[in-house]
Amino acid sequence: MLYVYCILLIIIMILPALVIIPQAFTSLNYFQFPVEEYSTKWFDKFFANEQWIVGLERSLIIAVISALVATALGTMAALAMNKLEFKGKSIFMSIMISPMVVPVVVVGVALYTTFAPIGLTNSFVGLVLAHTLLGIPMVFVTMMSGFANVNENLELAAMSMGSTPIGAFFKVTLPTVRSSLVSSILFAFVTSLDEVVVTTFVSGANTKTLTMVMWENMRTTIDPTLAVVALFMIILTMGMYIIKEIVETKSK
Amino acid sequence: MSKENIKSFSGDINAHGVPASHRIAKATGLKWVIMLLPLLFVVVSLIISLLGILKRSFVGTDGFTLDYYVKILTEPLYTTVLLNTLKTAVIVTIACLLLAYPAAYLSVRAKKPIVRRLITGGILIPYWMSMLVRIFAWQIIMQTNGVLNQLLMFFHITDEPIQFLYTTGAVCVSMTHILLPYMFLSLQSNMEGIDENLSTAALVMGARPARGFVDVFLPLSVPGIFADSLMVFVLSLGFYIAPALLDGANNQMMSNLIEQNMNSFNTNLAAAMSFELLVIVFVILGIAFKFVGNIFVPKR
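Source: prediction; values computed, not measured.

## As for the overall build of chain A
Alright, step 1. Helix and strand counts for chain A stand at 12 helices and zero strands.
Alright, step 2. Taken from the N to the C terminus, the helices and strands of chain A come in the order α-α-α-α-α-α-α-α-α-α-α-α.
Alright, step 3. For chain A, the C-alpha atoms occupy an extent of roughly 70 × 55 × 35 Å along the three principal directions.
Alright, step 4. Per-residue burial over chain A gives 57% buried out of 252 residues.
Alright, step 5. Contacts spanning at least 24 positions in sequence make up 71% of the contacts within chain A whose residues lie at least 6 apart.
Alright, step 6. Carbon and sulfur atoms form 68% of the exposed surface of chain A, whose accessible area is close to 10500 Å².

## Overview of the packing of aromatic side chains
Alright, step 1. Within this structure, the stated rule accounts for 21 aromatic pairs over all chains.
Alright, step 2. Taking the centre distance of 5.3 Å and the plane angle of 70° together, the rings of B:Tyr127 and B:Tyr182 count as edge-to-face. You can see B:Tyr127 sitting in the loop between α6 (113–124) and α7 (131–141) and its partner B:Tyr182 sitting in helix α9 (residues 168–192), a full 55 residues away along the chain.
Alright, step 3. Counting every residue linked through ring pairs, the aromatic cluster contains A:Phe25, A:Phe43, A:Phe46, A:Phe47, A:Trp52 and A:Phe232.
Alright, step 4. In this structure, B:Lys290 is placed above the aromatic ring of B:Phe291, and the distance from its NZ or CZ to the ring centre is 5.5 Å.

## What to know about the state of the cysteines
Alright, step 1. The tally for this structure, following the rule as stated, stands at zero disulfides over all chains.
Alright, step 2. Distance from the sulfur of A:Cys6, which forms no disulfide, to the nearest cysteine sulfur (B:Cys96) is 15 Å.
Alright, step 3. The exposure class assigned to A:Cys6 is buried, which follows from its relative accessible area of 3%.
Alright, step 4. Free cysteine B:Cys172: the closest other cysteine sulfur is in B:Cys96, separated by 10 Å.

## A short note on the side chain of B:Ser229
All names here are of chain B.
Alright, step 1. Structurally, the position occupied by Ser229 is in helix α11 (residues 209–237).
Alright, step 2. Residue classification places Ser229 among the buried residues on the basis of a relative accessible area of 14%.
Alright, step 3. Those residues in contact with Ser229 that sit more than four places away from it in its chain are Thr93, Leu97 and Met183.

## Some details on the nonpolar core
Alright, step 1. Grouped together as the largest cluster of nonpolar side chains are 180 residues, with contacts concentrated most on A:Phe92, A:Phe140, A:Met214, B:Phe136, B:Ile241 and B:Phe296.
Alright, step 2. A total of 14 residues in this core trace back to one element, the largest contributor, which is helix α5 (residues 76–109) of chain B.
Alright, step 3. Residue contributions to this core reach at least three from each of two domains, namely domain 1 (1–65) and domain 2 (68–292) of chain B.
Alright, step 4. What A:Phe92 contacts, discounting residues up to four positions off in sequence, is A:Ala77, A:Ala80, A:Met81, A:Phe86, B:Met35 and B:Leu39.

## Describing the interface of chain A and chain B
Alright, step 1. With 92 residues of chain A at the interface, the matching set in chain B holds 90 residues.
Alright, step 2. In total, chain A and chain B occlude about 8100 Å² of area from one another, counting both sides; carbon and sulfur atoms represent 82% of this.
Alright, step 3. Counting across the chain A and chain B interface gives one salt bridge.
Alright, step 4. At the boundary of chain A with chain B, the tally comes to seven residue pairs in polar contact (both at pLDDT 80 or more).
Alright, step 5. No other element matches the 14 residues that helix α1 (residues 2–23) of chain A contributes to the side of chain A that touches chain B.

## Digging into a nonpolar patch on the surface
Residue and element names in this part refer to chain B.
Alright, step 1. On the surface, Phe226, Val279, Val283, Ile287, Phe291 and Val292 cluster together to form a nonpolar patch covering roughly 510 Å² of accessible area.
Alright, step 2. Element by element, the count of residues in the nonpolar patch is highest for helix α14 (residues 267–292), at five residues.
Alright, step 3. Within the secondary structure layout, Ile287 lies in helix α14.

## Digging into the domain arrangement of chain B
Residues and elements named next belong to chain B.
Alright, step 1. When its domains are assigned, chain B resolves into domain 1 (1–65) and domain 2 (68–292).
Alright, step 2. Computed over C-alpha atoms only, the centres of domain 1 and domain 2 are separated by 35 Å.
Alright, step 3. Three residues, Ile53, Arg56 and Ser57, lead the burial of domain 1 against domain 2; their summed loss comes to 56% of the area buried on that side.
Alright, step 4. Taken together, the links from domain 1 to domain 2 amount to zero salt bridges.
Alright, step 5. Counting residues per element, the ones that place at least two in the side of domain 1 that touches domain 2 are α3 (30–58) and β1 (59–60).
Alright, step 6. At six residues, the largest contribution of residues to the side of domain 1 that touches domain 2 is made by α3.
Alright, step 7. Looking at the side of domain 1 that touches domain 2 residue by residue, the class counts come to five nonpolar, four polar and one charged.

## Remarks on the layout of surface pockets
Alright, step 1. Put simply, the second largest pocket is a space of about 440 Å³.
Alright, step 2. Along the walls of the second largest pocket sit 25 residues, with A:Ser94, A:Ile95, A:Ser98, B:Phe282 and B:Leu285 positioned nearest its centre.
Alright, step 3. For the lining of the second largest pocket, the secondary structure elements donating two or more residues are α4 (89–101) of chain A together with α3 and α14 of chain B.
Alright, step 4. The dominant element in the lining of the second largest pocket, judged by the number of residues it contributes, is α4(A), at eight residues.
Alright, step 5. Tallied by class, residues from the lining of the second largest pocket come to 19 nonpolar, six polar and no charged.
Alright, step 6. Both domain 1 (1–65) and domain 2 (68–292) of chain B contribute no fewer than three residues apiece to the lining of the second largest pocket.

## Quick word on the environment of A:Ser59
All names here are of chain A.
Alright, step 1. Examined against the element boundaries, Ser59 turns out to sit in helix α3 (residues 50–83).
Alright, step 2. Here Ser59 falls in the buried class, since its relative accessible area comes to 3%.
Alright, step 3. Counting along the chain gives 136 residues from Ser59 to Glu195, while the straight-line C-alpha distance between them is 9.6 Å.

## Description of the pattern of salt bridges
Alright, step 1. Scanning the entire structure with this criterion turns up eight salt bridges over all chains.
Alright, step 2. Taking the shortest distance from any N to any O, the salt bridge between A:Glu216 and A:Lys208 comes out at 3.3 Å.
Alright, step 3. Between B:Glu192 and B:Arg116 there is a salt bridge; the shortest N-O distance is 2.5 Å. Here B:Arg116 lies in helix α6 and B:Glu192 lies in helix α9, a separation of 76 residues in the sequence.
Alright, step 4. The partly exposed category is assigned to B:Glu192, whose relative accessible area is 42%.
Alright, step 5. Exposure remark for B:Arg116: the relative accessible area of 29% places this residue in the partly exposed category.
Alright, step 6. One salt-bridge network, in which partners are shared between bridges, spans A:Lys244, A:Glu245, A:Glu248 and B:Arg117.

## Considering helix α5 (residues 104–115) of chain A
Alright, step 1. Here α5(A) contains 12 residues, and its C-alpha end-to-end distance of 16 Å stays within 8% of the 16 Å for a straight helix at 1.5 Å per residue.
Alright, step 2. With nine of its 12 residues buried, α5(A) lies for the most part within the structure.
Alright, step 3. All of the buried residues in α5(A) are A:Val105, A:Val106, A:Val107, A:Gly108, A:Val109, A:Ala110, A:Leu111, A:Thr113 and A:Phe115.
Alright, step 4. Where α5(A) is buried, its residues touch α4, α6 (124–148) and α10 (197–202) of chain A together with α3, α13 (254–263) and α14 of chain B.

Definitions and limits used
- Residues numbered from 1 in each chain as written.
- Chains lettered and ligands numbered in written order.
- Predicted model: local features only at pLDDT ≥ 70, side-chain atom pairs only at ≥ 80, totals over all residues.
- Heavy atoms only, no water.
- Helix = DSSP H or I, 4+ residues; strand = E, 2+ residues; numbered from the N terminus.
- Buried < 20%, exposed > 50% of the residue type's maximum accessible area, 1.4 Å probe, protein only.
- Contact = heavy atoms within 4.5 Å.
- Areas by Shrake-Rupley, 256 points an atom, 1.4 Å probe, with all protein chains shown as cover.
- Phe/Tyr/Trp six-rings, centres within 6.5 Å; stacked < 30°, edge-to-face > 60°.
- Lys NZ or Arg CZ within 6 Å of the ring centre and 35° of its normal.
- Disulfide = S-S within 2.5 Å.
- Core = buried A, V, L, I, M, F, W, Y, C linked by side-chain atoms within 4.5 Å.
- Domains from an automatic or database assignment.
- Buried area = accessible area lost by both parts, 1.4 Å probe.
- Salt bridge = Lys/Arg side-chain N within 4 Å of Asp/Glu carboxyl O.
- Polar contact = N/O pair within 3.5 Å; in protein donor to acceptor, adjacent residues only side chain to side chain.
- Patch = residues over 30% accessible without salt bridge, like charges linked within 9 Å, V, L, I, M, F, W, Y side chains within 5 Å.
- Nonpolar A, V, L, I, M, F, W, Y, C, P; charged D, E, K, R; others polar.
- 1 Å grid on protein atoms, 1.4 Å probe; cavity = no way out; pocket = protein on both sides within 12 Å on 5 of 7 lines; lining within 4 Å.
- Points joined across faces, edges and corners; volume = space filled by probe spheres on them.
- Expected span 1.5 Å × (residues − 1).

Written out as structure tokens, the structure reads:
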């Protein structure tokens, strides 16, 4: 009974993806189920439209930079949380996870009101800053549990073999949290790639990301090009999931 | 490195006996950097901005005023949206709980690790699919001539296409789809903490499996249910994309009204609504914190 239920639930959870993927290959101008005649014309339309291509490039660049910055900052914060003794630790933790807890629209409004007067709205830097902010709690939470598993005796052993503390950190500590580190980067990458709400406030005509263009089209002209974009998004994000799974399995 | 060097170095370690990551963290200067840099980033970009909009919600063109709060707490447009937001969040939370609980239970209780992996993987796949894509998919599925209506008409459950889009139901379905993996994951980690021997003991003592579940496992899982539901509730309060695309103009959620006010340059009203939403979130987090601790940090 329970097994049947679980299988049904998983099918329903995956259903939206199964429905959307074939639609990218339709020959019609609208969505029809099932797709009767296949063609790649919507792929041609996607690649012919500069708006999509530029958006895709911009999304990828922003996602890579903000994922790396967020991972650096989030890892530092997690390290401070795990290894340092200081007053107000719980306040520190609350602040570090606040970008995840505060509703995204409120984050958007807040960033807009700060960014607008100093010219950061509709700018590349502004978007990277905003996406980094949203990635930090993801990294922070992931790395905290990563550092909790580090065997400190290994670090001591490395140092007794002549390694400097910094050397031991990079040679011993980081490799043991490698899978958490990879997960963190991927989490932050996907968070940035998929972000819409804060981006609507912070981006402008010159800084539209792929999801922004998609979002605008979803509200106005729905055609199968959107299914092509959706397919690319699925490939990108699922690719990250698969990488994460591989890294985690290997490190076990 | 000469022998002497190594000697003096290891002597140093024996004196302190502190692992590298501690020493890195504690090295003067570095200590402040790893703590202050991320802290500064979040405080400057988010916390100070939040204080800025808090000020805007009280200070209009003529100085200090409570008008904006009076307006959002009394005008029917705003109170309806507030109630609608809370209602949607309650429905979604309950739906997530009811749907995810049996799956989480099975995944924790399954004898074979592969079953657990498959269930967890299957439910988490959508978690890794772009949220925007999933909402788009639901938009296509629930169209008047979409899959759902075609299925219903094929099985002669209905002869006329049903209007699914632009209803609260459509929003709830897509939000449940998005939040279910969160609920599943945290239920799963809570259930892992429940001692399996207690249920076994109940069985040994002659209880039927159902009794064992209702009298032993279920009560033990209640604190977890409570914490996880509050987390999903908080997350669902802030939804923006799903209601913007799938809901009618008459039953929006707070996020959408905030965005509209921002777009029409009613910044002060948007600021007041933002704080209304934030206060609700913090009250719930406060309640949760009192009973079960911080619900956003995984307990491992």
